[in-house]
Amino acid sequence: NKSWLRFGGIGIQPAELGKLLFIFTFAKHINLLRYRLNRVRSLLMLGAHLLAIMAAIILPSHDVGMSLPYVFIAVLMLFSAGLSLKWFAGGAILACAAVPILWQVLSSIQKNRILVLFDPTIAPDTYWQQEQSRIAIGSGKLFGTGFLQGNQTQNNMLPEKQTDFIFGVAGEEWGLVGCMVIVIALMALIFRTFFIAYHAHGQISSLICVGVGSMMLFQTYENIFMCLGIGPVMCLTLPFFSYGGSSIATMYLALGMVVSVSRREKTRRLKG
């Protein structure tokens, strides 16, 4: 894909920073429509908002995977805003009905990334990355082989070990215990983000926190599932653990927004 903008030795991934822009604008858009959120026209406007952002990502870069977090963020933000469950049920039915059409649009590489989850022999080259990750995680067993002692990771047999497959490194060198520590730490952070969203005074502040929590939740589980070979490779980083300028900057900026909301709520409570 063409997801990166290069300026000399510096690479910027616009779709990463675009998540923050989307969270801001979508929160404001929902807030403007809050009294008529369950009307068809309002949903069409919000759907157009989402599709416009996705098109801005997919058309120039051909990176479908990077656009999927936006869908998850939008769904959870709409749910927290009080959208009726009947619309979610209808959307799920339409999404299932559209699968055969969307399948025809996907390229052969994108199809293989899904098919190998059921039968790796369909495209061994496509599944090779995930196979190496599974071998690394399995070899770590309970406590791992030790920091910088992993055979797969230190001998460069695990591709993109510093970014997309960082969880494979943790599995081999820190074992199941280390992996559980990572999952618990990230889930505690995500839970805290949703907790702040629940107690936020204003709807926009609450929706911004929900958007940030949704972004971290989706990327955490997609990255872990990808490394375990039970989810397709979508090149999404593991929050706060994967190397990457645009990715880590986006995560810290997003967390800064949540902290800002939390501090403002504390100040408001102290003032009565």
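Preceding block: the structure.
In this text, all values refer to a predicted model and were calculated from it rather than measured experimentally.

Caption draft 1: Just the overall build of the protein chain, in detail. A count of helical and extended segments in the protein chain gives ten helices and two strands. Ordered by position from N to C terminus, the α and β elements of the protein chain give β-β-α-α-α-α-α-α-α-α-α-α. Against the compact-globule benchmark of 19 Å for 272 residues, the protein chain has a radius of gyration of 20 Å, which places it among compact chains. Principal-axis analysis of the C-alpha atoms gives the protein chain an extent of 55 × 50 × 40 Å. Scored against the burial criterion, the 272 residues of the protein chain give a buried share of 42%. Look at the contacts in the protein chain between residues 6 or more apart in sequence, and 66% of them connect residues 24 or more apart. With an accessible surface of roughly 14,700 Å², the protein chain has 68% of that area assigned to carbon and sulfur atoms.

Caption draft 2: The nonpolar core, seen in detail. Core analysis: the largest hydrophobic core is formed by 59 residues, its most contacted members being Phe-26, Ile-30, Met-77 and Phe-167. Per-element accounting of this core gives the leading share, twelve residues, to helix α9 (residues 203-228). Excluding anything up to four places from it in sequence, Phe-167 contacts Ile-137, Cys-179, Ile-182, Val-183, Asn-223, Ile-224, Cys-227 and Leu-238.

Caption draft 3: Layout of a positive patch on the surface. On the surface, Arg-192, Arg-263, Lys-266 and Arg-269 cluster together into a patch of positive charge. Looking at the positive patch element by element, the count peaks at three residues for helix α10 (residues 245-270). Secondary-structure assignment places Lys-266 in helix α10. Judged by its relative accessible area of 43%, Lys-266 is partly exposed.

Caption draft 4: Examining the environment of Phe-118 more closely. Mapped onto the elements, Phe-118 comes out in the loop between α5 (108-115) and α6 (124-140). A sequence separation of 112 residues divides Phe-118 from Ile-230, and the C-alpha atoms of the two residues are 8.7 Å apart.

Caption draft 5: Focus on the pattern of salt bridges. Within this structure, the stated rule accounts for two salt bridges. Taking the shortest distance from any N to any O, the salt bridge between Glu-16 and Lys-19 comes out at 3.1 Å. Of this pair, Glu-16 and Lys-19 both sit in helix α1 (residues 14-32), separated by three residues, roughly a single helical turn. Each of the two residues, Glu-16 as well as Lys-19, counts as buried.

Caption draft 6: View of the packing of helix α2 (residues 40-61) against helix α3 (residues 64-81). It is at 9 Å that the axes of α2 and α3 come closest, and there the two elements cross at 160 degrees. As judged from the angle between their axes, α2 and α3 are roughly antiparallel. Where α2 crosses over α3, the two elements pack in a sense that is right-handed. Each of Leu-46, Leu-50, Ile-53, Met-54, Ile-57 and Ile-58 in α2 lies in contact with α3, whose residues at this interface are Val-64, Met-66, Ser-67, Tyr-70, Val-71, Ala-74 and Leu-78. When its residues are assigned to classes, the contact of α2 with α3 shows twelve nonpolar, one polar and no charged.

Caption draft 7: Structural view of the packing of α1 against α3. Axis separation between α1 and α3 bottoms out at 11 Å; the angle between their running directions is 25 degrees. Put simply, α1 runs roughly parallel to α3. Crossing angle aside, the handedness with which α1 passes α3 is right-handed. Here Ala-15, Glu-16, Gly-18, Lys-19, Phe-22, Ile-23, Phe-26, Ala-27 and Ile-30 of α1 come into contact with α3, specifically with Met-66, Pro-69, Tyr-70, Ile-73, Ala-74, Met-77, Leu-78 and Ala-81. Residue composition of the contact of α1 with α3, grouped by class: 14 nonpolar, one polar and two charged.

Caption draft 8: Examining the packing of aromatic side chains more closely. Under the defined criterion, the tally for this structure stands at six aromatic pairs. Aromatic pair Phe-240 and Tyr-252: ring centres 5.2 Å apart, planes at 75 degrees, arrangement edge-to-face. Of this pair, Phe-240 sits in the loop between α9 and α10 while Tyr-252 is found in helix α10, placing the two residues twelve residues apart along the sequence. Exposure remark for Tyr-252: the relative accessible area of 52% places this residue in the exposed category.

What counts, and at which threshold
Residues numbered from 1 in each chain as written. Predicted model: local features only at pLDDT ≥ 70, side-chain atom pairs only at ≥ 80, totals over all residues. Heavy atoms only, no water. Helix = DSSP H or I, 4+ residues; strand = E, 2+ residues; numbered from the N terminus. Rg over C-alpha atoms; globule rule 2.2 N^0.38 Å. Buried < 20%, exposed > 50% of the residue type's maximum accessible area, 1.4 Å probe, protein only. Contact = heavy atoms within 4.5 Å. Areas by Shrake-Rupley, 256 points an atom, 1.4 Å probe, with all protein chains shown as cover. Core = buried A, V, L, I, M, F, W, Y, C linked by side-chain atoms within 4.5 Å. Patch = residues over 30% accessible without salt bridge, like charges linked within 9 Å, V, L, I, M, F, W, Y side chains within 5 Å. Salt bridge = Lys/Arg side-chain N within 4 Å of Asp/Glu carboxyl O. Lys, Arg positive; Asp, Glu negative; His and termini not counted. Charge placed at Lys NZ, Arg CZ, Asp CG, Glu CD. Axes fitted to C-alpha atoms, helices over the stretch in contact; angles between N-to-C directions. Parallel < 35°, antiparallel > 145°, perpendicular 65-115°, else oblique. Left-handed = near helix turned anticlockwise from the far one by under 90°. Nonpolar A, V, L, I, M, F, W, Y, C, P; charged D, E, K, R; others polar. Phe/Tyr/Trp six-rings, centres within 6.5 Å; stacked < 30°, edge-to-face > 60°.

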